[in-house]
Amino acid sequence: MTGIASETKQNEMGLSWGKAALLSLPMLLLTALLLLHGHNLKDPLQAIAAGITYLFANYIFFKMLRSGRTHRYRSIFFVAASVLFVVSFLANMFEMRGTMELSTANILDGEAPLCPLVIPALLIPAALTQTIIFPGSMFAGYAGVATMIVLWIGFSLAVGRGWCSWICFFGGMDEGMASLCKKPSIRSFDQRWTYLPWAVLLAVVLLSAATLSPAYCEWLCPFKTVTEYPAVNSLETGLQAVIFVSLFLGLVIYLPLKSGKRTQCGLFCPFGAFQSLFNRCNSFAVRIDRARCVDCKICLKECPTFSLNEASLAAGETRSSCTKCGRCIDRCPRGAISYHIKGTEFLRHPKTARLLFLYPAFIFMAVIGGGCIFGGLLRLLKLLTTGSMIG
Ligand code: SF4
Ligand code: SF4
């Protein structure tokens, strides 16, 4: 029964081959323009990396449309982008500085790319002092401050906390680890832990405003472990390094592997909590059809970010932390969960609602994740052909 119901759902949301091909055309054109812009395709390695990225992105989008499954294909692209982001980021750092260490001089020279996770901490200081307290380059470099902020505003208005499952390369690491867990030995977390990201957000925003420095970046970011970290040359920087590595091992490796949940995203990340606010002011939501639901609670177990609980299920809604990843939609055996456009009649046009969500979500994913995939592939191709990723 479960299998049959699940199949029915896939058929309901999936499109015929012809329709899926037709609706994939805009993505084929857009991704072609993206890859033609700013890449030297006369260089054989760049041309190969661009070609693979292009085919991969469009295969994923076509499969989403054809199969009706969102999470399965999104996750493949999301995790691949995250792994290749690390490859290309580290290769860039070693090429630029020969080390993952970030010195004070590097920071003052604006060499640090803007990490989106510090955005909430920039807002109060920027309003009070007209200064962006993250000393990154405004336009140039790996991720200029202005470029990142424009992308963040555009994506947040389009799909809200969807950021955390469609763009964030850090979320992709958490998701990749969680997906390796086949039999969770940690089966539940106290609901009260889901408020911790809000507490971290409040602390980080206040501390950053008081000290005019990006407190999260300086003290709490687990991802320093796999990107760049301050040179360890004092008790303070040693302590910071211990915190970064401990949080990375605990929240991004151990707990996801043991629980199958995205614990960094769901139980700690202040940027994730901040993005939840945008779920309230954008047009898309994930809703549950109470008439179809049989209260099996599979969706509660499946949600990786703790965005469903008994109360939200009874209300037919997801919590504000929903990252619109589509996993509960794919896994519900009754096909009771769907993307929804706020202000329209629920379930009147569920396929259209899904399509209208998938276009902006995937376009942003192709822009950022596609860039990571291209950059990482290029480094791997260099390694294969020259024996070194850099130079
Ligand atoms: S919405 Fe959740 S509880 Fe209801 S049938 Fe689907 S998986 Fe089960
Ligand atoms: S409620 Fe569903 S769509 Fe939202 S984060 Fe959880 S699994 Fe993903």
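The structure under discussion appears in the preceding block.
Residues numbered from 1 in each chain as written. Chains lettered and ligands numbered in written order. Predicted model: local features only at pLDDT ≥ 70, side-chain atom pairs only at ≥ 80, totals over all residues. Heavy atoms only, no water.

### Topic: the packing of aromatic side chains
A complete count under the given rule lists 22 aromatic pairs for this structure. Ring geometry for Phe-155 against Phe-364: centres 5.1 Å apart, planes inclined by 85°, an arrangement best described as edge-to-face. Taken together, the residues Phe-155 in helix H7 (residues 145–159) and Phe-364 in helix H18 (residues 350–386) connect sequence positions 209 residues apart. Here Phe-155 and Phe-364 have matching classes, each one buried. Their ring planes at 75° and their centres at 5.4 Å tell us that Phe-284 and Phe-357 sit as a pair that is edge-to-face. Residue Phe-284 is located in strand E3 (residues 284–288), and its partner Phe-357 is located in helix H18; the two are separated by 73 residues in the primary sequence. Per residue, the accessibility class of Phe-284 equals that of Phe-357, and both read buried. Among the aromatic side chains, those forming a connected cluster through ring pairs are Trp-152, Phe-155, Trp-163, Phe-271, Phe-274, Phe-278 and Phe-364. One residue, Arg-74, lies across the ring of Trp-166, its end atom 6.0 Å from the ring centre. Cation over ring: Lys-261 sits above Phe-306, and NZ or CZ is 5.7 Å from the ring centre. (Phe/Tyr/Trp six-rings, centres within 6.5 Å; stacked < 30°, edge-to-face > 60°. Helix = DSSP H or I, 4+ residues; strand = E, 2+ residues; numbered from the N terminus. Buried < 20%, exposed > 50% of the residue type's maximum accessible area, 1.4 Å probe, protein only. Lys NZ or Arg CZ within 6 Å of the ring centre and 35° of its normal.)

### Topic: the layout of surface pockets
In this structure, the second largest pocket occupies an estimated 750 Å³ of space. In this structure, the second largest pocket is lined by 33 residues; those nearest its centre are Lys-261, Leu-300, Lys-301, Glu-302 and Cys-303. Listed by contribution, the elements that provide at least two residues to the lining of the second largest pocket are helix H4 (71–97), helix H9 (169–179), helix H15 (298–302) and helix H17 (327–331). Here the lining of the second largest pocket takes 4 residues from H15, the largest share from any one element. Here the residues of the lining of the second largest pocket sort into 12 nonpolar, 9 polar and 12 charged. (1 Å grid on protein atoms, 1.4 Å probe; cavity = no way out; pocket = protein on both sides within 12 Å on 5 of 7 lines; lining within 4 Å. Points joined across faces, edges and corners; volume = space filled by probe spheres on them. Nonpolar A, V, L, I, M, F, W, Y, C, P; charged D, E, K, R; others polar.)

### Remarks on helix H10 (residues 196–211)
Over its 16 residues, H10 extends 22 Å from the first C-alpha to the last, a length consistent with the 22 Å expected when each residue adds 1.5 Å. Within the sequence span of H10, burial applies to Pro-197, Val-200, Leu-201, Val-204, Val-205 and Ser-208. Viewed along the axis of H10, the buried residues span an arc of 130°, placing them on a single side of the element. Along H10, the residues that are exposed and aim more than 90 degrees away from the buried face are Leu-202, Leu-206 and Ala-210. Where the residues of H10 are buried, they touch helix H6 (119–129), helix H11 (215–219), helix H13 (263–267) and helix H14 (270–278). Leu-212 sits one or two positions beyond H10 and adopts a positive phi of about 50°. (Expected span 1.5 Å × (residues − 1). Arc of directions from axis to C-beta. Contact = heavy atoms within 4.5 Å.)

No statement about biological role is implied by the geometric values presented.
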